[in-house]
Amino acid sequence: MFPGGADHRDLYLIAAGILLGVLLGPAVLGRFNPQAYDTMFVGSGDVPGKIEAFDAGAQVRMDNLRSTGVTESAFDELRQSIAMERVPLLHLLEQNRQKHRAALWARAATLVMALVIVMVIESVTDPAANRLRTRLATLRYALIAVWVALMLAQPEMLHGVSPVFLGLLVVAALVVGLAPLGGRFHTQART
């Protein structure tokens, strides 16, 4: 363990975040309890039930009309009318989901802001305060783990992530982080 820094145990927090994200995601929670997954990460509300009830009623209307022996064009008119009546429900469903996505993005942004605050506190903490710095590093990893869990639980949030940009960002961060700084800077930092 580095004095006042993160250690391998802190990486377990990231692994726990990954595991939690997978368990809360569509592959596990979404499959075994779709209602809970929808409530936490999709936000459809009660609209799918309304759409299901509407569709059941529409099917009864179509069956009743077909049983009267009407022409195919009359049946097509009813089908088009039903499709138009269904549009507001679909619009409401999309509104609910967009509102919920916005709330999830706000939570993700809040986690990032909290992470930045912890990192600032960590950087201004006395280097001799090893115990405090270690706890702050663990808190930093915990916040990152929660963010990772949120992203993996709702993979749609990662939909626009470019793997090329991500790779370039990691390479740039490694170059900046590992590049030797000039001797003048090191001399000033030691004094």
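Residues numbered from 1 in each chain as written. Predicted model: local features only at pLDDT ≥ 70, side-chain atom pairs only at ≥ 80, totals over all residues. Heavy atoms only, no water.

**A short note on the overall build of the protein chain**
Line of reasoning, step 1. When helices and strands are counted, the protein chain shows eight helices and zero strands.
Line of reasoning, step 2. Counting from the amino terminus, the protein chain carries its helices and strands in the arrangement α-α-α-α-α-α-α-α.
Line of reasoning, step 3. Its C-alpha radius of gyration of 27 Å places the protein chain more than 25% over the 16 Å reference for a compact globule of 191 residues.
Line of reasoning, step 4. For the protein chain, buried positions account for 26% of its 191 residues.
Line of reasoning, step 5. Of the contacts made within the protein chain by residues no fewer than 6 positions apart, 67% connect residues no fewer than 24 positions apart.
Line of reasoning, step 6. Total accessible area on the protein chain is roughly 13,200 Å²; 69% of this is exposed by carbon and sulfur atoms.
Line of reasoning, step 7. Taken as two groups, the 17 positive and 15 negative side-chain charges of the protein chain have centres that lie 14 Å from each other. (Helix = DSSP H or I, 4+ residues; strand = E, 2+ residues; numbered from the N terminus. Rg over C-alpha atoms; globule rule 2.2 N^0.38 Å. Buried < 20%, exposed > 50% of the residue type's maximum accessible area, 1.4 Å probe, protein only. Contact = heavy atoms within 4.5 Å. Areas by Shrake-Rupley, 256 points an atom, 1.4 Å probe, with all protein chains shown as cover. Lys, Arg positive; Asp, Glu negative; His and termini not counted. Charge placed at Lys NZ, Arg CZ, Asp CG, Glu CD.)

**Describing the nonpolar core**
Line of reasoning, step 1. Among the nonpolar cores identified, the biggest contains 15 residues, and Phe41 and Leu150 are the most heavily contacted of them.
Line of reasoning, step 2. Listed by contribution, the elements that provide at least two residues to this core are α3 (34-42), α5 (72-124) and α6 (130-153).
Line of reasoning, step 3. Those residues in contact with leucine 150, other than ones at most four positions away along the chain, are Phe41, Leu104, Arg107, Ala108, Leu111 and Met157.
Line of reasoning, step 4. If you look at the next biggest cluster of nonpolar residues, it comprises 10 residues, including Val47, Phe54, Ala58 and Leu78. (Core = buried A, V, L, I, M, F, W, Y, C linked by side-chain atoms within 4.5 Å.)

**Some points on the pattern of salt bridges**
Pairing of side chains with opposite charge becomes possible as their charged atoms draw close.
Line of reasoning, step 1. For the structure on display, the rule yields nine salt bridges.
Line of reasoning, step 2. One salt bridge connects glutamate 72 with arginine 66, and the closest N-O pair in it is separated by 4.0 Å.
Line of reasoning, step 3. Among the salt bridges present, the one from glutamate 122 reaches arginine 140, with a minimum N-O distance of 2.7 Å. With glutamate 122 in helix α5 and arginine 140 in helix α6, the pair connects residues that are 18 residues apart, well separated along the chain.
Line of reasoning, step 4. Each of Arg66, Glu72, Asp76 and Arg79 takes part in salt bridges that share partners, so that together they form one network. (Salt bridge = Lys/Arg side-chain N within 4 Å of Asp/Glu carboxyl O.)

**Some remarks on the packing of α3 against α5**
Helix packing geometry: the angle between the two helix axes and the distance between the axes.
Line of reasoning, step 1. Relative orientation of the contacting elements α3 and α5 amounts to 65°, with a least axis distance of 9 Å. The angle between the axes of α3 and α5 places the two elements in the roughly perpendicular class. Across the interface between the two elements, Asp38, Thr39, Met40, Phe41 and Val42 from α3 touch Arg97, His100 and Leu104 from α5. (Axes fitted to C-alpha atoms, helices over the stretch in contact; angles between N-to-C directions. Parallel < 35°, antiparallel > 145°, perpendicular 65-115°, else oblique.)

**So, the confidence of the model for the protein chain**
Line of reasoning, step 1. For the protein chain, the average pLDDT comes to 88, and 91% of its residues sit at 70 or higher.
Line of reasoning, step 2. Least confident of the elements in the protein chain is helix α8 (residues 183-190), whose mean pLDDT is 51; most confident is helix α2 (residues 29-32), at 96. (pLDDT = per-residue confidence, 0-100.)

**Section: the layout of surface pockets**
Line of reasoning, step 1. Counted as a void, the largest pocket has a volume near 310 Å³.
Line of reasoning, step 2. Residue contributions to the lining of the largest pocket peak at five residues, all from α6.
Line of reasoning, step 3. Classifying every residue of the lining of the largest pocket by side-chain character gives 10 nonpolar, no polar and no charged. (1 Å grid on protein atoms, 1.4 Å probe; cavity = no way out; pocket = protein on both sides within 12 Å on 5 of 7 lines; lining within 4 Å. Points joined across faces, edges and corners; volume = space filled by probe spheres on them. Nonpolar A, V, L, I, M, F, W, Y, C, P; charged D, E, K, R; others polar.)

**Here's the deal with a nonpolar patch on the surface**
Line of reasoning, step 1. Taken together, Ile18, Val22, Leu152, Leu158, Val161, Leu166, Val170, Leu174 and Leu178 make up a surface patch of nonpolar side chains, about 760 Å² in accessible area.
Line of reasoning, step 2. If you list the elements that add at least two residues to the nonpolar patch, you get α1 (8-24) and α7 (163-178).
Line of reasoning, step 3. No other element matches α7, which puts four residues into the nonpolar patch.
Line of reasoning, step 4. You can see leucine 178 is positioned in helix α7.
Line of reasoning, step 5. The class of leucine 178 is exposed, set by a relative accessible area of 68%. (Patch = residues over 30% accessible without salt bridge, like charges linked within 9 Å, V, L, I, M, F, W, Y side chains within 5 Å.)

**A short note on the packing of aromatic side chains**
The way to describe two aromatic rings as a pair is by their centre distance and the angle between their planes.
Line of reasoning, step 1. All chains considered together, the criterion is met by one aromatic pair.
Line of reasoning, step 2. Centre to centre, the rings of tyrosine 37 and phenylalanine 41 are 5.5 Å apart; their planes meet at 40°, and the pair counts as tilted. A residue pair is termed a helical-turn pair when its members lie 3 or 4 positions apart in one helix, as tyrosine 37 and phenylalanine 41 do in helix α3 at four residues.
Line of reasoning, step 3. For phenylalanine 41, a relative accessible area of 8% puts it in the buried group.
Line of reasoning, step 4. The cationic tip of arginine 66 hangs over the ring face of phenylalanine 75; the distance from NZ or CZ to the ring centre is 3.8 Å. (Phe/Tyr/Trp six-rings, centres within 6.5 Å; stacked < 30°, edge-to-face > 60°. Lys NZ or Arg CZ within 6 Å of the ring centre and 35° of its normal.)

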